[in-house]
Protein chains: 2
Amino acid sequence: MHIAILTFDRFNELDSIIAYTLLSRIALLGDPHWRVSIAAPTAQVTSMNGLTLNAHIDLEEACRADAVWVGSSLDIMDVCQSAPLMATLRALNPRRQLLAAQCSGTYLLAKLGLLEDHTACTDNTSKPWVVAAGIKVLNQPFRAVGNVATAGGCLASSYLAAWLIARLKGQTEAREVLHNFAPVGEKDEYVKRAFVHIGANLETVAQA
Amino acid sequence: MHIAILTFDRFNELDSIIAYTLLSRIALLGDPHWRVSIAAPTAQVTSMNGLTLNAHIDLEEACRADAVWVGSSLDIMDVCQSAPLMATLRALNPRRQLLAAQCSGTYLLAKLGLLEDHTACTDNTSKPWVVAAGIKVLNQPFRAVGNVATAGGCLASSYLAAWLIARLKGQTEAREVLHNFAPVGEKDEYVKRAFVHIGANLETVAQA
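Residues numbered from 1 in each chain as written. Chains lettered and ligands numbered in written order. Predicted model: local features only at pLDDT ≥ 70, side-chain atom pairs only at ≥ 80, totals over all residues.

Honestly, helix 8 (residues 171-181) of chain A in this entry has me stumped. Any pointers?
Listed in full, the buried residues belonging to helix 8 of chain A are Ala174(A), Val177(A), Leu178(A) and Phe181(A). What you see down the axis of helix 8 of chain A is that its buried residues fit within an arc of 95 degrees, all on one side. (Buried ≥ 20, exposed ≤ 12 C-beta atoms within 10 Å, placed from the backbone. Helix = DSSP H or I, 4+ residues; strand = E, 2+ residues; numbered from the N terminus. Arc of directions from axis to C-beta.)

What follows is the structure, encoded as structure tokens:
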């Protein structure tokens, strides 16, 4: 199972890295077929706060992954106006892969026409742009419809990551990962709160 | 104001990066004297899950910062057994700077003799090592005594970062930062929960 995290220059660190750590735990727990990659258009990317990291894969390889996480970036408008980047990203397809977008990543999915019911989550800063792209933005941290999920507020990344783990591996593993990373003394309530958000979609998928 | 985040090879991404993003927001909001740096013994460091990033400063410069955040690492034992690294880190001094340790970072503060009342927070994996170093570990996410704070569970990083912001800048700014990054629809309760933990120490300091 390969999960790619799309990470563009001027990215928000939390919107790529929280997912990277939570998702990587499945490999740490012993699944040799589980792989998580930072995907970027260039070999290195620098965040909105000046943190530079190495990408693992390019966008073409990312589009072939089993799941693709769209991180956020202050440059997301530029990404959406770049014909070459968008030509590559049009390979994303929720019929054969899961798609998860965090904060301004929702705007990218909107511009790719991948939010079928025109309703999604994003952060308060990105909201006007997402609305202008024709999407109704909900006042909640997480929403999933079929194979596409969106989240708003950087620290909602853990809900979105748990949804991906639940869909790709299992709900038990998703609960274990959340429990592991949650604050000491608040672990059970943290897992419970996350599943209030992601549980409904998982039930729908299980019944389909 | 300069805050250095100690980041060693095989670091846990969350335990360095959540702080980096939350703390950096004070600069984004317009404070030209606010600076946040990833500090490492080498020009690049690679995380426990294979993420490589560039350090901004070395450990010597980090030890001169106004506040030093100790991230966690699977190699923290090796750090503590390295005479050259520990010789550098013995420059840390809570009489002239704030110290904040996350998860196994608590072990480093213990080995440096900087946990004066021998009581702290850490994560469940690091707990046996911290206990073996003579520290009583609490079943709570955050604890501060004077200028030294510790936290346990990666996602408690936001509480520890908020404490640093409250101490260095102000409680209003700490609340604003938490509110900004919290999940949409849960922001007020997120800030409230954080301040349940960090508020007591802030009151003690204000009265001193």
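Hey, could you run me through the relation of the copies chain A and chain B in this one?
Once chain A is rotated about the relating axis by 180 degrees and shifted along it by 0.0 Å, it coincides with chain B to within an RMSD of 0.0 Å. Here the symmetry operator amounts to a two-fold rotation axis. Within chain A, the C-alpha atom positioned nearest to the axis of rotation is that of Leu53(A), 2.0 Å from it. Here 100% of the contact residues of chain A are again contact residues in chain B; the copies associate through an equivalent surface. (Least-squares fit on C-alpha atoms with pLDDT ≥ 70 in both. Contact = placed C-beta atoms within 7 Å.)

Can you walk me through the interface of chain A and chain B in this structure?
Interface extent is often summarised as the accessible area lost during association of the parts. Counting residues at the interface gives 33 residues for chain A, matched by 33 residues for chain B. Those elements that place two or more of their residues in the side of chain A that touches chain B are helix 1 (13-28), strand 4 (52-54) and helix 7 (157-168) of chain A. Sorting elements by how many residues they give to the side of chain A that touches chain B places helix 1 of chain A first, with seven residues. Each residue belonging to the side of chain A that touches chain B can be placed in one class, and the counts come to 17 nonpolar, 13 polar and three charged. (Nonpolar A, V, L, I, M, F, W, Y, C, P; charged D, E, K, R; others polar.)

For this particular structure, what's the right way to read the packing of helix 7 of chain A against helix 8 of chain A?
Any two packed helices are characterised by how steeply their axes cross, that is the angle between the axes, and by the distance between the axes. Residue and element names in this part refer to chain A. Contact geometry of helix 7 with helix 8 gives a least axis separation of 7 Å together with a crossing angle of 150 degrees. In terms of their interaxial angle, helix 7 and helix 8 are classed as roughly antiparallel. Considering only the axes of helix 7 and helix 8, their crossing is right-handed. Counted together, Ser158, Ala162, Ile165 and Ala166 of helix 7 and Gln171, Glu173, Ala174, Val177, Leu178 and Phe181 of helix 8 form the full contact between these two elements. (Axes fitted to C-alpha atoms, helices over the stretch in contact; angles between N-to-C directions. Parallel < 35°, antiparallel > 145°, perpendicular 65-115°, else oblique. Left-handed = near helix turned anticlockwise from the far one by under 90°.)

Spatial relationships are all this shows, so hold off on functional conclusions.
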